[in-house]
Amino acid sequence: MSVVSKKMQANIEQGSMIRQMFELGIQLKKQYGADAVMDFSLGNPDLSPPLAVQQAMFDLAGQLNKPASLGYMPNAGFAWALEALAEELTKEQNVVLTKNDVMLSCGAAGAMNAFFHAVLDPQDEVLAIAPFFGEYRFYTENHQGVFKTVLADVETFLPDFVALEKAITEKTRVLIINSPNNPTGVVYSEEVIKKIVEILEKAGKKFGHSIFLVSDEPYRYLTYDNTQVPSVLAHYRYAVLISSFSKKFGIAGERIGYLAVSPQIEEKELLMNACIMSNRILGFVNPPVVGQYLMKAALGISTKEALEIYAKRREIFCDILEKAGLEFQKPMGAFYIFPKAPGGDDKLFIHCLQEEKILGVSGAGFGLAGYIRLCYAVEEKVIEKSRDGFKRAVEKANHLGNK
């Protein structure tokens with residue numbers, strides 16, 4: 001008998017791609033030197049946190065002589081933090097929210113797990129639109145749910161509405177959307193959101209129960225060309241917003257995330273109590289103390305400077321990929337590009353890139369083989385240095401694929 005469960009063994013196999021890429025990056029950097037490796041595999045923000053966050057850290061350090069300054073608090077977070085978050089989300093989402101409509105947790109991952117723990121019965125289905133953030137599958141299975149996917153329109157990476165409607169069954173409990181999307185960078189317009197809501201409302205009447213729409217939005221403030229991210233809370237009674245400050249403020253390691261529910265949702269108090277209790281039951285107990293102070297200090301500040309840096313990197317990367325002969329859609333948001341691998345063979349292309357000391361991630365881990373994900377949360381000089389390597393890798397992949 002193995003020391004781990006069969007389920008965990010399967011999860012390790014499914015989730016090993018990113019870990020192996022991370023380890024390969026370390027190995028290549030040791031072998032050739034850090035400057036020789038162009039690592040576009042991990043979505044780890046490389047920009048410094050905003051000055052407001054830095055100042056908040058200094059201010060907090062001066063308060064640590066107070067009793068229980070880093071102690072427990074209510075499982076949903078400090079009341080002052082919830083009030084500040086609700087006030088900010090009221091402006092962002094165009095609906096009136098109070099501290100009773102929001103909960104803080106250990107990152108968006110913690111918030112999503114708490115929500116699933118609160119609403120999923122065994123064998124309830126969670127739908128996601130592929131390509132999707134790969135860990136949605138694990139979060140669903142953590143709570144005995146069944147994870148299912150529906151393929152997006154690969155010409156646009158927008159939802160295939162016909163396929164989505166067919167995929168919903170009487171067991172469907174949740175639909176997850178991720179906009180701006182990881183890995184494609186696509187952003188759903190208000191018209192797309194309205195069509196999704198129409199499908200969910202129709203299905204709810206057909207099957208006699210509500211279907212939650214979970215909108216995962218950690219990249220909301222990283223959009224380009226004046227692209228706007230519409231509010232889901234303003235469009236659907238059973239909408240749940242899940243997000244974090246990891247990408248917006250460059251504090252991914254601090255693990256501060258949240259969920260917010262539509263104020264129109266039925267039995268809202270019961271749902272929030274269940275989510276808060278789940279926050280505790282799952283071992284998160286309460287959100288990080290330090291993260292709440294940093295969040296409070298940074299709420300409402302502009303991300304313009306960071307956005308300009310990412311936008312410039314996007315332009316350079318798109319130029320490199322275009323001149324290398326790759327097919328891709330220009331990202332509307334986030335900091336990823338999802339080009340099609342030459343000949344549709346992502347494993348071969350990943351290998352060819354590695355020979356050029358360029359690291360990317362196979363699209364298979366995001367539910368769509370034949371593509372690769374590249375992250376441009378790296379320095380501009382690293383992106384520019386990859387230009388010739390991409391050309392050589394594409395030429396090699398085309399040559400080997402035609403044999």
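Residues numbered from 1 in each chain as written. Predicted model: local features only at pLDDT ≥ 70, side-chain atom pairs only at ≥ 80, totals over all residues. Heavy atoms only, no water.

1. Brief notes about the nonpolar core
The line we're drawing: Among the buried residues, those of types Ala, Val, Leu, Ile, Met, Phe, Trp, Tyr and Cys that are joined through side-chain atoms within 4.5 Å form a nonpolar core. Each residue is placed in one exposure class: buried if its accessible area under a 1.4 Å probe, protein chains only, is under 20% of its type's maximum, exposed if it is over 50%, and partly exposed if it falls in between. A run of DSSP states H or I qualifies as a helix once it reaches four residues; a run of E qualifies as a strand once it reaches two. Both are numbered from the N-terminal end. Every residue pair with non-hydrogen atoms within 4.5 Å of one another is taken to be in contact.
The biggest cluster of nonpolar side chains holds 86 residues, and the ones touching the most others in it are F115 and V174. It is helix 4 (residues 107-119) that contributes the most residues to this core, eight residues altogether. Non-local contacts of F115, meaning those with residues more than four positions away in its chain, are made with V174, F212, V214, V240, I242, L259, L271 and C275. Residues F40, L222, A324 and A341 belong to the second largest nonpolar core, which totals 37 residues.

2. Observations regarding the sheet that holds strand 2 (residues 102-105)
Under the convention used in this document: Strands were regarded as paired on the criterion that DSSP finds at least two bridges between them. All axes here are fitted lines through C-alpha atoms, helices being fitted over the stretch that makes contact, and every angle between N-to-C directions spans 0 to 180 degrees.
Strand order in the open sheet formed by seven strands is 2-8-7-6-5-3-4, and the pairing between neighbours is mixed. Unpaired on one side and paired on the other, strand 2 and strand 4 (146-151) mark the two borders of the sheet. The sheet shows a mean angle of 20° between the axes of neighbouring strands, direction not considered. Where strand 7 (residues 239-244) lies against strand 8 (residues 257-261), five bridges are found, and the strand directions are antiparallel. Residue pairing for strand 8: S244 is matched across the bridge by G257. Together, strand 5 (172-178) and strand 6 (212-216) form the strand contacts of helix 7 (residues 190-207), whose direction differs from that of strand 5 by roughly 175°. With respect to the sheet, helix 9 (residues 268-281) is in contact with strand 2, strand 6 and strand 8, its orientation differing from that of strand 2 by roughly 10°.

3. Digging into the side chain of S244
Within the fold, S244 resides in strand 7. In contact with S244, not counting residues within four places along its chain, are A108, P218, I256, G257 and Y258.

4. Examining a negative patch on the surface
Under the convention used in this document: Residues enter patches when they are more than 30% accessible in relative terms and free of salt bridges; like-charged ones are connected within 9 Å and nonpolar ones (Val, Leu, Ile, Met, Phe, Trp, Tyr) within 5 Å. Under the convention used here, a 1.4 Å probe and the Shrake-Rupley method define accessible areas, while residue burial counts only the protein chains that appear. Here, a salt bridge means any Lys or Arg side-chain nitrogen found within 4 Å of an Asp or Glu carboxyl oxygen. Positive charges are assigned to Lys and Arg, negative charges to Asp and Glu, while His and the chain termini are left out of the count. One atom stands in for each charge, and that atom is NZ of Lys, CZ of Arg, CG of Asp or CD of Glu.
On the surface, a cluster of negative charge is contributed by D153, E155, D160 and E327. In this fold, D160 is placed in the loop between strand 4 and helix 6 (161-167). Among the residues examined, D160 registers a relative accessible area of 31% and is labelled partly exposed.

5. A look at the packing of aromatic side chains
The test is simple: Aromatic pairing here means that ring centres of Phe, Tyr or Trp (its six-membered ring) are within 6.5 Å. Orientation follows from the plane angle: under 30 degrees is stacked, over 60 is edge-to-face, and everything else is tilted.
Applying the stated rule across the entire model yields 20 aromatic pairs. With 5.7 Å between their ring centres and 70° between their planes, F157 and Y371 make a pair best called edge-to-face. Taken together, the residues F157 in the loop between strand 4 and helix 6 and Y371 in the loop between strand 11 (361-362) and strand 12 (372-375) connect sequence positions 214 residues apart. Comparing F157 with Y371 shows no difference in burial state: the two are buried. Both rings, one in Y219 and one in Y336, keep their centres 5.6 Å apart while their planes meet at 80°; by these two values the pair is edge-to-face. With Y219 in the loop between strand 6 and strand 7 and Y336 in strand 9 (residues 336-337), the pair connects residues that are 117 residues apart, well separated along the chain.

6. Remarks on empty space enclosed by the protein
The condition is simple: Using a 1 Å grid laid over the protein atoms alone, points where a 1.4 Å probe fits but cannot get out form a cavity; open sets with protein on both sides within 12 Å along at least 5 of 7 lines form a pocket; any residue with an atom within 4 Å of a point counts as lining. Grid points are joined across faces, edges and corners, and a volume is the space filled by probe spheres set on the points. For this classification, Asp, Glu, Lys and Arg are treated as charged, while Ala, Val, Leu, Ile, Met, Phe, Trp, Tyr, Cys and Pro are nonpolar and the rest, including Gly, are polar.
Taken as a whole and assessed by the stated rule, the structure comprises four cavities of 30 Å³ or more. Roughly 130 Å³ of internal volume is contained in the largest cavity. With four residues, the single largest contributor to the lining of the largest cavity is helix 3 (residues 79-93). The residue makeup of the lining of the largest cavity, split by class, is eight nonpolar, two polar and five charged.

Function cannot be read off these values alone, since they describe shape.
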